[in-house]
Amino acid sequence: MSISDLDGQQPALLRFVEALDGALDRLGDPDPLYLSPAQKKAALLGLAREEERLAALRSRVQGAADDVAEVAGARHAGAVLVCDARRSPAVAGRDQALADALHERWADTGAVWRAGLVNRDQVAVIVEALDRLPGDLDPAMLRKAQDYLLDQAQVYGPRELRLLGKRIWEVIDPAGAEEQEREALEREEANARASTRFNLRRMGDGSTRLSGRIPDAVAHRLATLLAAYTSPRRDHLTGDVRDPATGERLAADRLRGQAFCTLVEHADPDRLPRHGQTATSVVVTMDLTQLLAGTGAGTLADGTRLSAGEVRRLACTAALVPAVLGGPSEVLDLGREARLFNTPQRKAMGIRDRHCRAEGCTVPATWCEAHHLTPWSLGGRTDLRDGALLCSFHHHRIHDPGRRHTRLPDGSFRFHRRT
């Protein structure tokens, strides 16, 4: 149904909507390519401001449209937009929650939004901060909090406003701010613990998707640990992080992903809880002839298959115990003592090698992995003469069956693609 189909005299709001629709039709499809930079900036800022005013106006209508939902048999007005305007249910739900908050509790914030003085992201942060305040708080203090955040929104964006919202008690009740902050933090921490989740979902392409939710303090600790595995080698002109071996630009999320894998692979099993009467470990089963030939695949307890090269690489650094089989699946070897290089050995290798031993690679020793020159899975010894430091990239490459390597006179490795 269009606005012109409605019976009776149209109220001002509907006349405005119809006039706006006509104005857009008359504008047509102008090409901004030929505008000057100043004109483009004016258009961008002007359109952004009017877009916010229109969004605020729609939000006000949506907050007062319970009867529309009732007529349509919908949960709320946002659900009507999902059906009739083909909007995302998730977005419509968030918009409805914000519209209800402005309609029922924070009308002044809605009015400032409709005036074009704040944007939706700022409004959402302000409402979130105000809704955290006790419902029985003195109305004068609530108004003071709302006015303060609206004033700060003229200077700060959503991120800064969120921080100010967390410290709002220092503004409305300085004397009791410390106690209020303590109670708020305890509530947040309890909620964070209750909402902690972690899920792993196999994608079927050799990778697993991680998803979850953890407390902020744990996330900060994880970020700090990942940063320790992330090389800070940056291009001095662009600031991009690049692979020191290839010069390839590495995206931040890829760096964190690689760092997370390294963190898991380097976890000390002796420091983890006991599992099955033994230190937590991963056992990979593989046929001896295939391991010697570098062919075939190993199998983890859950059925995951690993290439021979990956088994050899993990045997150098990870908490992984090879179960080598021969003949009719007879267990020939189930791990040996001192498989991993210990701390003094790592320090000695760091002093000797100083950086990754791949030719031309300068990744520092502290970010490298200890590699067995004679694979540990093939009888190599865990001593300094049989060890060399390689960065994660080159450690993967040295176990890559599609690559071969030669040892140069200075002890570094040169890699070649097999043909």
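Note that the structure is a prediction, hence the values are computed from the model and not measured.

Conventions used here
- Per-chain numbering applies: the sequence of each chain, read as written, is numbered from 1 onward.
- pLDDT decides what is reported in this predicted model: residues at 70 or higher carry local features, side-chain atom pairs at 80 or more are listed and counted, and totals for whole chains, interfaces and linings draw on all residues regardless.
- Only heavy atoms go into the side-chain values, all of them from the structure, while hydrogens and water stay out.
- Under the DSSP-based scheme used, a helix requires at least four consecutive residues in state H or I and a strand at least two consecutive residues in state E, with every element numbered from the N terminus.
- Residue exposure (1.4 Å probe, protein chains only): buried if accessible area is under 20% of the type maximum, exposed if over 50%, otherwise partly exposed.
- A contact between two residues is defined here by any heavy atoms of the two lying within 4.5 Å.
- pLDDT measures the predictor's confidence residue by residue and takes values from 0 up to 100.
- A side-chain nitrogen of Lys or Arg and a carboxyl oxygen of Asp or Glu constitute a salt bridge if their distance falls within 4 Å.
- Strand pairing is assigned whenever DSSP detects at least two bridges linking the two strands.
- Only the contacting stretch of a helix is used when fitting its axis, a line to C-alpha atoms as for every element, and angles between N-to-C directions run 0 to 180 degrees.
- Should the near helix be turned anticlockwise from the far one by less than a right angle, the crossing is left-handed, and should it be turned clockwise, the crossing is right-handed.
- Under the scheme applied, nonpolar residues are Ala, Val, Leu, Ile, Met, Phe, Trp, Tyr, Cys and Pro; charged residues are Asp, Glu, Lys and Arg; polar residues are all the others, including Gly.

## Considerations on the overall build of the chain
When you go through the chain residue by residue, the secondary structure sums to 17 helices and 13 strands. Looking at the chain residue by residue over its 419 residues, the buried ones come to 31%. Long-range contacts, defined as pairs at least 24 residues apart, comprise 49% of the intrachain contacts of the chain with a sequence gap of at least 6.

## Some remarks on the confidence of the model for the chain
Taken over all residues, the pLDDT of the chain has a mean of 79, while the share at 70 or more is 74%. Per-residue pLDDT stays below 50 along residues 274–280; that stretch engages in seven contacts with residues further than four places along the chain or on separate chains. Segment residues 326–338 is flagged for pLDDT under 50; beyond a separation of four residues in sequence, or across chains, it makes 22 contacts in the model.

## So, the pattern of salt bridges
Within this structure, the stated rule accounts for 13 salt bridges. Between Asp131 and Arg105 there is a salt bridge, and its shortest N-O distance comes to 3.0 Å. Within this pair, whereas Asp131 is found in helix α7 (residues 120–131), its partner Arg105 is found in the loop between α5 (89–104) and α6 (107–114), the two being separated by 26 residues in sequence. Arg105 sits in the partly exposed class, given a relative accessible area of 41%.

## Focus: the pairing of strand β12 (residues 403–407)
Relative to strand β13 (residues 413–417), β12 is paired through five bridges, and the arrangement is antiparallel. Bridge pairing in β13 links Arg407 to Phe413. Here β12 hands over to β13 after five residues, with Gly411 in that stretch at a positive phi of 95°.

## Brief notes about the packing of helix α1 (residues 12–27) against helix α2 (residues 37–63)
In contact at an axis separation of 13 Å, α1 and α2 are set at 140° when each is read in the N-to-C sense. In the packing of α1 onto α2, the handedness of the crossing is left-handed. Together, Leu13, Phe16 and Leu20 of α1 and Leu54, Leu57 and Val61 of α2 make up the contact between the two elements. Per-class residue counts for the contact of α1 with α2 are six nonpolar, no polar and no charged.

## Here's the deal with the pairing of strand β1 (residues 197–202)
As a general feature of sheets, a regular strand has side chains that alternate between the two faces. Summarising burial for β1: zero of the six residues are buried, a small minority. Pairing geometry for β1 and strand β2 (residues 208–213), over six bridges, is antiparallel. Bridge pairing in β2 links Arg201 to Arg209.

## Focus: the side chain of Glu369
Checked against the element boundaries, Glu369 lands in strand β10 (residues 369–372). We classify Glu369 as buried; its relative accessible area is 2%.

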